[in-house]
Amino acid sequence: MKIGFDNDKYLQIQSSHIKDRIQKFGNKLYLEFGGKLFDDFHAARVLPGFMPDSKLKMLMQLSDFAEIIIVISAVDIEKNKIRGDLGITYDMDVLRLMKEFSQRNLLVSAIVITHYAGQPAADIFRSKLEKYQIKTYLHYNIEGYPGNVSLIDSDDGYGKNDYIETTRPLIVVTAPGPGSGKMATCLSQLYHDNKRGIKAGYAKFETFPIWNLPLKHPVNLAYEAATADLNDVNMIDPFHLEAYGETTVNYNRDIEIFPVLNAIFEGIYGYNPYKSPTDMGVNMAGNCIIDDEVCREASRMEIIRRYYAARVRQVNDGTNDNEVYKIGLIMNQAKITTDERIVTAAAKQRGMETGAPAAAIQLDDGTIITSKTSDLLGASAALLLNALKHLAGIDHSVHLIPATAIEPIQELKVKYLYGKNPRLHTDEVLVALALASNTDDNAGKAIRQLPRLRGCQVHTTVMLSEVDTKIFKKLGVDVTSEPVKKMGLFPPNKNEEN
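Note that the structure is predicted; figures quoted are calculated from it, not measured.

Asker: Got a sec to walk through helix α14 (residues 321-334)? Specific residues and values, please.
Answerer: An α-helical segment advances 3.6 residues per turn. Residues three or four places apart therefore align on the same side. Taking 1.5 Å per residue, 14 residues should reach 20 Å; α14 reaches 20 Å between its end C-alpha atoms and fits that length. What α14 keeps buried is the set Glu323, Val324, Lys326, Ile327, Gly328, Ile330, Met331 and Ala334. Of the residues one or two after α14, Lys335 is the one with positive phi, at around 60°.

Given below as structure tokens:
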């Protein structure tokens, strides 16, 4: 993989920049942490060289004087909101985050339940936290928020919220997902600190959009595609342009709320330390891009992946038209089509040639491997075997798993488990391959190639089962699918890999 981002430089200058911002506010800073701390795979995809846990490693460099507040909305708890990339509810993710932080000697000082209005599920979650002796605080809805500044900045607004006791110079405020109330939590703390005569400041750490890249740079367009379901739009920061005569990029929600923030800061401090939303940010990622064209190309491919994911959701849910439309417009702005993703064109070509569901993978050296569905294996399962044989230097004609080993599994699926599809999925074929590796050297060589699939690209001509999707994700493969549930009948083929 070509590298376009200097991760070591990023860790160094980002932590230094945050330290400088802490000093600016008298040694106490509430830092709103946007995006994902542990597993920022979007950033890793669009900025090749960026490590998914870079922000966490940066935070660990500041661990001696940092503490963490995790924010979760009572509304999200009540709705059992799911974190899409992990498939777990937000309340379960809070517990996961706490465990991950503690294992890295990072102090979690509190959990804040925001938008609280007596939701029963929130009460149950709070009781669970208290049994674990975790400090939990409640923040309430404020009528007219965020426009009713006079109420917000009063004892009946932020003043009604529980005050969170903090002891360290840097207070990182993070959450399982967007809309949790991170910014409001920070501002509420500023209000309470000011009432107690404590000087503190606020800053925002969002990786995207990257403020010092052009508005229509593919990296920033990829962020718009990633947040199309939230209706986020990248914009030129008009406040920064007016204050400094410099063009910078921010996004609509921060720009729209800045006049409100300005009034809140003036109500708390008597003045606003920031002249623009861009001023509030501390992100230094744009200064660590070392190959702009590599990042541009990676971002263009990410936009295509986002488009396919939206199309699949549209077919499954029937309610995704706006997101699909918006990402389609972004593709037009980036001047790209789906066939520019090499594996997409290769899979569709193989499907047209065979009349069967097909798949293609691009390996790290650029090699394209394809497969089709047979009567023994689905296209994805066959693709894994074909790719592993290539990586292990095994001739394509060699059968890693004999039909006599596959057929009993098929009988089990259909006859005893009452399944309708006898073909092996990716998880089943990997188990079969692992068993075969006990007696077959080629199977052993093949299975040892699995780590080399991480970062590879896959496309399938039909939508994947949930099982196949999860296996590709565990292998670290970026996979897309045509928004088609199934193809017509196709002739049987007794070869296990095609």
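After that view of the structure, there is still more to cover.
Asker: Now, about the nonpolar core: what can you tell me, with residues and values included?
Answerer: Counting 101 residues, the largest nonpolar core has Leu47, Ile70, Phe101, Ile111, Ile113, Leu170 and Ile303 as the members making the most contacts within it. Excluding its chain neighbours within four sequence positions, the residues that come into contact with Ile70 are Val94, Leu97, Met98, Phe101, Val108, Ala110, Ile111, Val112 and Thr174. Judged by nonpolar contacts, the second largest core, of 35 residues, contains Ala359, Leu376, Leu383 and Ile406.

Asker: Lay out the packing of aromatic side chains in plain terms, naming residues and giving numbers.
Answerer: By the definition in use, this model includes 15 aromatic pairs. Aromatic pair Tyr223 and Tyr251: ring centres 6.1 Å apart, planes at 75°, arrangement edge-to-face. Highlighted residues: Tyr223 in helix α9 (residues 218-226) and Tyr251 in strand β10 (residues 249-251), separated in sequence by 28 residues. With relative accessibility at 5%, the residue Tyr251 sits in the buried group. Centre to centre, the rings of Phe265 and Tyr274 are 6.2 Å apart; their planes meet at 75°, and the pair counts as edge-to-face. On the basis of relative accessibility, which here comes to 0%, the residue Phe265 falls in the buried class.

Asker: Go over a nonpolar patch on the surface with me, naming the residues and quoting the values.
Answerer: Together, Met1, Ile3 and Ile290 line one region of the surface with nonpolar side chains, adding up to about 360 Å² of accessible area. With respect to the element layout, Met1 can be found in the segment before α1 (7-24). Overall, the relative accessible area of 74% leaves Met1 in the exposed class.

Asker: An account of the pattern of salt bridges is needed here, citing residue identities and associated values.
Answerer: Within this structure, the stated rule accounts for 25 salt bridges. Between Lys55 and Asp40 there is a salt bridge, with its nearest N and O atoms 3.2 Å apart. Remark: Asp40 occurs in the loop between β1 (29-33) and α2 (41-46) and Lys55 occurs in helix α3 (residues 54-60); sequence separation between them is 15 residues. The burial state of Lys55 is the same as that of Asp40; both residues are buried.

Asker: Give me the sheet that holds strand β13 (residues 457-460): which residues, what numbers.
Answerer: The sheet built from four strands is open, its strands ordered β12-β11-β13-β14 with mixed pairing. Looking at which strands have only one partner, the edges of the open sheet turn out to be β12 (368-372) and β14 (478-481). Pairs of neighbouring strands in the sheet enclose a mean axial angle of 15°, with direction left out of account. In the sheet, strand β11 (residues 358-362) pairs with β12 via five bridges, with the strands oriented antiparallel. Bridge pairing in β12 places Ala360 opposite Thr370. Against the sheet, helix α13 (residues 292-317) contacts β13 and β14, and its axis sits at roughly 50° relative to β14.

Basis of the calculations
Residues numbered from 1 in each chain as written. Predicted model: local features only at pLDDT ≥ 70, side-chain atom pairs only at ≥ 80, totals over all residues. Heavy atoms only, no water. Helix = DSSP H or I, 4+ residues; strand = E, 2+ residues; numbered from the N terminus. Expected span 1.5 Å × (residues − 1). Buried < 20%, exposed > 50% of the residue type's maximum accessible area, 1.4 Å probe, protein only. Core = buried A, V, L, I, M, F, W, Y, C linked by side-chain atoms within 4.5 Å. Contact = heavy atoms within 4.5 Å. Phe/Tyr/Trp six-rings, centres within 6.5 Å; stacked < 30°, edge-to-face > 60°. Patch = residues over 30% accessible without salt bridge, like charges linked within 9 Å, V, L, I, M, F, W, Y side chains within 5 Å. Areas by Shrake-Rupley, 256 points an atom, 1.4 Å probe, with all protein chains shown as cover. Salt bridge = Lys/Arg side-chain N within 4 Å of Asp/Glu carboxyl O. Pairing = 2+ DSSP bridges. Axes fitted to C-alpha atoms, helices over the stretch in contact; angles between N-to-C directions.

So far we have only geometry, and geometry alone does not tell us how the molecule works.
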